Amino acid sequence: MRIRILDGLKKDRYVRAAEQRGSTDLADVEPPVRRIVNDVRRNGDRALRRYAVRWDELGRSQRIRVSGAELQEAWQKLSAELQDAIKKAAGNIRRFCQWQKPREWRRKVQFGVCVGQRVRPIESVGCYVPGGRYPLPSTLLMTVIPAQVAGVPHIRVLSPHPAQATLAAAAFLGVREFYRVGGAQGVAALAYGTESIPPVTKIVGPGNRYVTAAKKLVAFDCGIDFLAGPTEAVCISQKGDPVFIASDLVAQAEHDPDALCILLTNSPELAKAVQAEVQRRTKLNPIAADALSHRGAILLVSSLDEAVEIANRIAPEHLTLPASLAPLVQNAGSIFLNEFTPQSAGDYVSGPNHVLPTGGMARVRGGLSVFDYVRVISCQEVTREGIRRLAPPAILLAEAEGLRAHAESLRARCLHA
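As the structure is a computational prediction, the values presented were derived from the model and not from experiment.

Engineer: Give a detailed account of the sheet that holds strand 12 (residues 318-321), specifying residues and quantitative values.
Structural biologist: Taking strand neighbours across the sheet as the criterion, the 6 strands line up as 1-11-10-9-12-13 in an open arrangement whose pairing is parallel. Of all strands in the sheet, those with a lone pairing partner are strand 1 (4-6) and strand 13 (334-337), marking the two edges. With direction set aside, neighbouring strand axes in the sheet form an average angle of 20 degrees. Relative to strand 11 (residues 297-300), strand 10 (residues 260-265) runs parallel, the two being bridged by 4 bridges. Note that in strand 11 the partner of L264 across the bridge is L299. Across the sheet, helix 10 (residues 242-253) lies against strand 9 (232-236), strand 10 and strand 12, angled at about 160 degrees from strand 10, the strand it touches most. Where helix 13 (residues 304-314) meets the sheet, its contacts fall on strand 9, strand 10 and strand 12, and the angle it forms with strand 9 comes to roughly 165 degrees.

So, in structure tokens, the structure goes:
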């Protein structure tokens, strides 16, 4: 099982398929997920606990909510080295979020007319942190910290069978509400509320297909960030180190057997060297080997400009390329510049969020950010003098649309200005 090297018509067919891949196919899991969601919505904790005992390893007498004492105990038991790693990652993520947070402002558009924006946090958020094959304490940092920077007053974390490192990270961040449930049943609990878990305004964070399908089903009743699918990584290189490139492809491929991992290069020599290095690195990593042999590819292009054009068509979750090509990038979840910026740095400690759009959604949005946790509310104020200037063109537009009452509301103020 080897990653393929493609050129010519085979390359073109592969790119077209990747470009049109769309979001994860959820059709086969939606019927059972709908039953679970409806059951939890109707029956609350009784249904939630039944599913959590079956799938989330919740003990029959175990509480759904994790106590503050258990969170603190997890932090105390963590090695000093891992504590330090969490602190450093959290510091970089928080700093990036603070720089990213939208600001309030007020400006004069014209004489007597001022406009601006107010920034307000959403009331509550549910942060979903995967357990499963790979528990992800890093996802807790990536979903909770921007909520804290935004000022969200109620932050609820859900994680099925949470790892000690996940509990410890929650303790370090001061999380007060942590629930040991997950899956479609956890999403339903966040969306509609149960006796144990109050409902939230919005649900964020990645999960498996059942979690994604549940987010899709509740999206009209509860806000969500986006529907995330299998991991995607694209690397563009002409003279890069094959060890660095192969390590990035294998690192992202180990997330999921359906991961999409691609190298774009105009160097046949580099293509062959990366192929050999990937083969060597996947011998002891069957998940990555499966993903790279089925969905991965090394595409031979005529130039680096063509490589960027293909990357923009694919709109990948992760994109690594030389910094000189960055101005040409239009569609990507997160960009990694030059060879000493591994995509794994973005997964953990560099600061930008690792909850990123997949399935081509990078064409319309970026990754999770502070913007997902706030409402930017426009604001305007018109004085007596301002309405005299503003009303005439507004009246003309209202009458052109046939909305007479709109025009009259403007004229009424002009009469008293």
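Engineer: I'd like to hear about the sheet that holds strand 8 (residues 223-224), residue by residue, with values.
Structural biologist: Read across the sheet, 5 strands follow the order 6-5-4-7-8 without closing on themselves; strand pairing throughout is parallel. Of all the strands in the sheet, the pair left with one neighbour each is strand 6 (177-179) and strand 8. Across 5 bridges, strand 4 (residues 124-128) lies against strand 5 (residues 154-158) in parallel orientation. Residue pairing for strand 5: C127 is matched across the bridge by V157. Across the sheet, helix 8 (residues 183-192) touches strand 4, strand 5 and strand 7 (202-204), and the angle it forms with strand 5 is around 165 degrees.

Engineer: I'd like a description of the pattern of salt bridges, backed by residues and values.
Structural biologist: For side chains of opposite charge, pairing can occur when their charged atoms come near one another. Following the criterion strictly, the structure yields 22 salt bridges and no others. Here E306 makes a salt bridge to K11, at a shortest N to O gap of 2.8 Å. Note that E306 is positioned in helix 13 and K11 in helix 1 (residues 8-19), a separation of 295 residues in sequence. The shortest N-O distance in the salt bridge between R209 and D28 comes to 2.9 Å. Remark: D28 occurs in the loop between helix 1 and helix 2 (30-43) and R209 occurs in helix 9 (residues 209-218); sequence separation between them is 181 residues. Each of E30, R34 and K216 takes part in a single network of salt bridges with overlapping partners.

Engineer: I'd like a description of helix 13, backed by residues and values.
Structural biologist: Burial analysis of helix 13 places 8 of its 11 residues in the buried class, the great majority of the element. Among all positions of helix 13, only L304, E306, A307, V308, I310, A311, N312 and I314 are buried. Where helix 13 is buried, its residues touch helix 1, strand 9, strand 10 and strand 12. Downstream of helix 13 by one or two residues, A315 has phi in the positive range, about 55 degrees.

Criteria and thresholds
- Residues numbered from 1 in each chain as written.
- Predicted model: local features only at pLDDT ≥ 70, side-chain atom pairs only at ≥ 80, totals over all residues.
- Heavy atoms only, no water.
- Pairing = 2+ DSSP bridges.
- Helix = DSSP H or I, 4+ residues; strand = E, 2+ residues; numbered from the N terminus.
- Axes fitted to C-alpha atoms, helices over the stretch in contact; angles between N-to-C directions.
- Contact = heavy atoms within 4.5 Å.
- Salt bridge = Lys/Arg side-chain N within 4 Å of Asp/Glu carboxyl O.
- Buried < 20%, exposed > 50% of the residue type's maximum accessible area, 1.4 Å probe, protein only.

Scope: geometric values only; no functional claims are made or implied.
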